[in-house]
Amino acid sequence: MLSRTADHLFWMARYTERAENTARMLDVHVQTALLPQSTDDAEQGWRAVLGISELLYGYNQKYDKLTQKDVIDFMVRDPNNPSSIASCLRQARENARAVRGALTTEAWEIQNATWIKMQSYLQTNALEQNPSDFFEWVKHRSHLSRGVTIGTMLEDEAFHFIRLGTFLERADNTARIIDVKFHGAKEAQSQKQNGQSQSQSQSQSQAARDEAGQLDFYYWAAILRSVSGFEIYRKVYRDVITPERVAELLILRADMPRSLLACMGNVISNLHHVRNDVSADTERFAGKLHADLKFARIEEILEAGLHDTLTEFLERIFELGNRISRDFLVPLAA
């Protein structure tokens, strides 16, 4: 396959997956913003959403203060934000259009129709009236794109480059969600503990603990829902939601579709199908990353430091993307 064709297919899939992940993050945060919280906590939450996608600097360049309306507008509509949902769906459509001959008619029509409908959304106030409906639509269109790809395309190199882009992007986004959300939860817990009055009565302390427990449940449940993992967690653990088990599910469970281990397993499989004369080192690099996850234990990860582990994972995923570009796709600009 021509490297330029592979490049378009790979990035078509990555942009589609990125739009879905952005919709997931925004949708969950819109829901959690309805929970009782201080103004500072609400602002910190939206700051974390921007941080997940490394968009805080770009946002601050455009806006003087941080509000829910402006964050959503920046991450959904803004054509100058390359990671906004509108920009991602436009790029996915443009990459698909460039290689229509490598796609089935159904696969191309999904990308084209999604972009056309997206434009109509941008011209109305539907997003402001019911943002959750819009985010569900974005997720649904991404599901359709994947389903049509699997259901109509020959499992040749074109198919495997699409799948490779999907799982590489998903691994990156899942790691970012885990890192930012766990770090935010740790900071919030520390602030609550520091702010507790030493003179609280026993009944007041118990009431405070009960309220904190309820908020913790909704917080961790929201994280699970952001990766469609709430029902899976209930089926696997059948117990109260704890941060350690959430981390284990989203990092180390091979049967959890959006976990880091599951994503890397699919990256390995699709790399195998498109291997060429110069890709052995890239396969070895990906295999080492997969093995480190496969044989890890959550206790070891937490002891070493979850943030440090995920930071290293993101660095290695970035390097893997560069290696794939070098070996298979259009060379990166100098």
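The protein chain appears in an unreviewed UniProt entry as Alpha-E superfamily protein from Herbaspirillum frisingense.

Let's shift gears to the pattern of salt bridges. Inspection of the entire model under this criterion finds 28 salt bridges. As a salt-bridge pair, E17 and R258 come within 2.7 Å of each other at their nearest N and O atoms. With E17 in helix α1 (residues 3-32) and R258 in the loop between α12 (243-252) and α13 (260-274), this residue pair connects regions lying 241 residues apart in the sequence. Across this residue pair, the class does not change: E17 and R258 are buried. Between D239 and R245 there is a salt bridge; the shortest N-O distance is 3.4 Å.

Glancing now at the packing of aromatic side chains. Taken as a whole and assessed by the stated rule, the structure comprises 11 aromatic pairs. A centroid spacing of 5.7 Å and a plane angle of 45 degrees characterise the contact between W11 and Y15, whose relative ring orientation is tilted. Residue W11 and its partner Y15 are located together in helix α1, separated by four residues, close to a single helical turn. We classify W11 as partly exposed; its relative accessible area is 22%. Consider the rings of Y59 and F74, whose centres lie 5.7 Å apart with planes at 80 degrees: the pair is edge-to-face.

Looking at the secondary structure, you find S279 in the loop between α13 and α14 (280-294). S279 has contacts with D327 and F328, leaving out every residue within four places of it along the chain.

Analysis parameters
Residues numbered from 1 in each chain as written. Predicted model: local features only at pLDDT ≥ 70, side-chain atom pairs only at ≥ 80, totals over all residues. Heavy atoms only, no water. Salt bridge = Lys/Arg side-chain N within 4 Å of Asp/Glu carboxyl O. Helix = DSSP H or I, 4+ residues; strand = E, 2+ residues; numbered from the N terminus. Buried < 20%, exposed > 50% of the residue type's maximum accessible area, 1.4 Å probe, protein only. Phe/Tyr/Trp six-rings, centres within 6.5 Å; stacked < 30°, edge-to-face > 60°. Contact = heavy atoms within 4.5 Å.

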